[in-house]
Amino acid sequence: MTSANMPTAPASRADAPFSSDSDSLFRAYVEAASDIVYTLDLTGKFTFVNSYGLKLIGADNYEDVVGHSYLDIVAPDYQQPTLEVFANLLKTGELRDYEFAVQTRTGDRVFIEVNGRLLYQDGQLVGALGIGRDITERKRFEAQLKMFSKALDTAHDSAIITDLQGNIQYANSATQRMFGWPPARLTGVNLEAFFQKRDQVHWLLQQVDGQGWSGQIVCQRYNQHPFTALISVSPVYGEDDETLMAVSFILRDITQQEKIEAELASKNLELARANRLKSEFL
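These numbers were taken from a predicted model, which means no experiment stands behind them. (Residues numbered from 1 in each chain as written. Predicted model: local features only at pLDDT ≥ 70, side-chain atom pairs only at ≥ 80, totals over all residues. Heavy atoms only, no water.)

1. Overview of the pattern of salt bridges
Opposite charge on two side chains allows them to pair when their charged atoms are near.
Next up, step 1: The final tally for this structure, using the stated rule, is 11 salt bridges.
Next up, step 2: The salt bridge partner of arginine 109 is aspartate 77, with a shortest N-O separation of 3.2 Å. Here the residue arginine 109 occupies a position in strand β5 (residues 109-121), and aspartate 77 occupies one in the loop between α2 (51-57) and α3 (79-92), the gap between them amounting to 32 residues.
Next up, step 3: With its nearest N and O atoms 3.1 Å apart, the salt bridge here joins lysine 139 to glutamate 99. With a gap of 40 residues between them, lysine 139 in helix α4 (residues 136-153) and glutamate 99 in strand β4 (residues 95-103) connect regions that are remote in the sequence.
Next up, step 4: Linked through salt bridges whose partners overlap, the residues forming this network are Glu99, Glu113, Arg138, Lys139 and Glu142. (Salt bridge = Lys/Arg side-chain N within 4 Å of Asp/Glu carboxyl O. Helix = DSSP H or I, 4+ residues; strand = E, 2+ residues; numbered from the N terminus.)

Laid out in structure tokens, this is it:
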């Protein structure tokens, strides 16, 4: 990037670290930080990485990183986007909450969320400062949550999570199919819309005070047509396993099952009548 492309007045600037009296103070701060703190020159080479950062990327010593390009530690599938982000930082002076993956020396992937700003020394742009946070566990949790959501969406049964007042926080695709609900999001809709009587929902919510409840109940579709469902109501607790946070509902439409059972009962009656007539004839 030529000097003509670099900003003359930074939107957000910081003086370059390790200059005069700020050297020891800066080192003491960044070495105690629980985030990765690093500086780059204008070509993208590391000029500093704190101890936490070295440990995070699995570097044996300072010289393994400083003087080398930041791309050396960026996972291959993130290198092109990261190049663009670094160029944009030099152009605009802003980098906020950028997420990318680092490839450690052992081959593991560590996800980092970075905020950056430009570094100036004596009024001249000399590089950039980055502060990154390890978000690997958060990304893993998000991936598991996404997989869990996909699994629920492919389920045949309706799965619903509400708050303690019955307002829907989550509903899978089967819920819309079962209740004939339009494509609009169900989030925020109260569970009362699925029942003919409001006191049914109130009673169901009361059952979470114990171990929950399962049984047969009459629901209604979006067109207010009633149908019978098997329902399981369970409490959802917080991280302390004591605070009740939400309520889980699993519903199965047994309309077809009831129809089959009714047909079988009718056939059994006809068979019993035929056997009785046969016995009387004999």
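From this point, the discussion proceeds with the structure in view.
2. Some details on the nonpolar core
Next up, step 1: Grouped together as the largest cluster of nonpolar side chains are 27 residues, with contacts concentrated most on Tyr38, Phe46, Val65, Phe86, Phe100 and Ile112.
Next up, step 2: Looking at this core, the elements that each hand over two or more residues are β2 (36-41), β3 (46-49), α2, α3, β4, β5 and β6 (124-134).
Next up, step 3: Leaving out residues up to four positions away in the same chain, phenylalanine 46 has contacts with Tyr38, Thr39, Leu40, Val65, Val66, Gly67, His68, Ser69, Tyr70 and Ile73.
Next up, step 4: Formed by 22 residues, the second largest nonpolar core is a distinct cluster that contains Met178, Phe194, Phe195 and Leu204. (Core = buried A, V, L, I, M, F, W, Y, C linked by side-chain atoms within 4.5 Å. Buried < 20%, exposed > 50% of the residue type's maximum accessible area, 1.4 Å probe, protein only. Contact = heavy atoms within 4.5 Å.)

3. Concerning a negative patch on the surface
Next up, step 1: Taken together, the side chains of Glu239, Asp240, Asp241 and Glu242 present a region of like negative charge at the surface.
Next up, step 2: Counting through the fold element by element, aspartate 241 comes out in the loop between β10 (226-237) and β11 (244-253).
Next up, step 3: The exposed category is assigned to aspartate 241, whose relative accessible area is 61%. (Patch = residues over 30% accessible without salt bridge, like charges linked within 9 Å, V, L, I, M, F, W, Y side chains within 5 Å. Areas by Shrake-Rupley, 256 points an atom, 1.4 Å probe, with all protein chains shown as cover. Lys, Arg positive; Asp, Glu negative; His and termini not counted. Charge placed at Lys NZ, Arg CZ, Asp CG, Glu CD.)

4. As for the sheet that holds β10
Next up, step 1: Here five strands make up an open sheet; going across it, the order is β8-β7-β11-β10-β9 and the pairing antiparallel. The open sheet has two edge strands, β8 (168-171) and β9 (213-220), and neither has a second partner. Taken over all neighbouring pairs, the strand axes of this sheet differ in orientation by 30° on average, direction set aside.
Next up, step 2: With eight bridges joining them, β9 and β10 adopt antiparallel strand pairing. Along β10, the bridge assignment pairs serine 214 with serine 232.
Next up, step 3: Each of β7 (158-162), β9, β10 and β11 touches helix α6 (residues 198-206); the most contacted strand, β9, lies at about 160° to it. (Pairing = 2+ DSSP bridges. Axes fitted to C-alpha atoms, helices over the stretch in contact; angles between N-to-C directions.)

5. Observations regarding the side chain of threonine 136
Next up, step 1: Looking at the secondary structure, you find threonine 136 in helix α4.
Next up, step 2: A polar contact of 3.0 Å, which involves the side chain of threonine 136, links it to the backbone nitrogen of phenylalanine 111.
Next up, step 3: Excluding residues within four positions of it along the chain, threonine 136 makes contact with Arg109, Val110 and Phe111. (Polar contact = N/O pair within 3.5 Å; in protein donor to acceptor, adjacent residues only side chain to side chain.)

6. Quick notes on the packing of aromatic side chains
Next up, step 1: Counted by the stated rule, this structure contains 10 aromatic pairs.
Next up, step 2: Ring centres of tyrosine 70 and phenylalanine 86 lie 5.3 Å apart, and the angle between their planes is 55°; this geometry places the pair in the tilted category. Of this pair, tyrosine 70 sits in the loop between α2 and α3 while phenylalanine 86 sits in helix α3, and the two are 16 residues apart along the sequence. Each member of the pair, tyrosine 70 as well as phenylalanine 86, is classed as buried.
Next up, step 3: Ring centres of tryptophan 181 and phenylalanine 194 lie 5.4 Å apart, and the angle between their planes is 80°; this geometry places the pair in the edge-to-face category. Of this pair, tryptophan 181 sits in the loop between α5 (173-179) and α6 while phenylalanine 194 sits in the loop between α5 and α6, and the two are 13 residues apart along the sequence.
Next up, step 4: In this structure tryptophan 181 comes out as buried when scored by relative accessible area, which is 16%.
Next up, step 5: Members of the aromatic cluster, each reached through a chain of ring pairs, are Phe179, Trp181, Phe194, Tyr222 and Phe227.
Next up, step 6: Directly above the ring of phenylalanine 111 sits lysine 139, whose terminal nitrogen or CZ lies 5.6 Å from the centroid.
Next up, step 7: The ring of phenylalanine 227 has arginine 221 sitting right over it, with the charged end atom 3.9 Å from the ring centre. (Phe/Tyr/Trp six-rings, centres within 6.5 Å; stacked < 30°, edge-to-face > 60°. Lys NZ or Arg CZ within 6 Å of the ring centre and 35° of its normal.)

7. Looking at a nonpolar patch on the surface
Next up, step 1: The grouping of Phe141, Leu145 and Phe148 at the surface amounts to a nonpolar patch, some 330 Å² of accessible area in total.
Next up, step 2: Inspection of the secondary structure assignment puts phenylalanine 141 in helix α4.

8. Describing unusual backbone geometry
Next up, step 1: Backbone geometry at aspartate 97 places phi at a positive 50°, although glycine is not the residue there.
Next up, step 2: If you trace the backbone, aspartate 97 turns up in strand β4.
Next up, step 3: Looking at aspartate 97, the relative accessible area reads 48%, which means it is partly exposed.

Keep in mind these numbers describe shape, not what the thing actually does.
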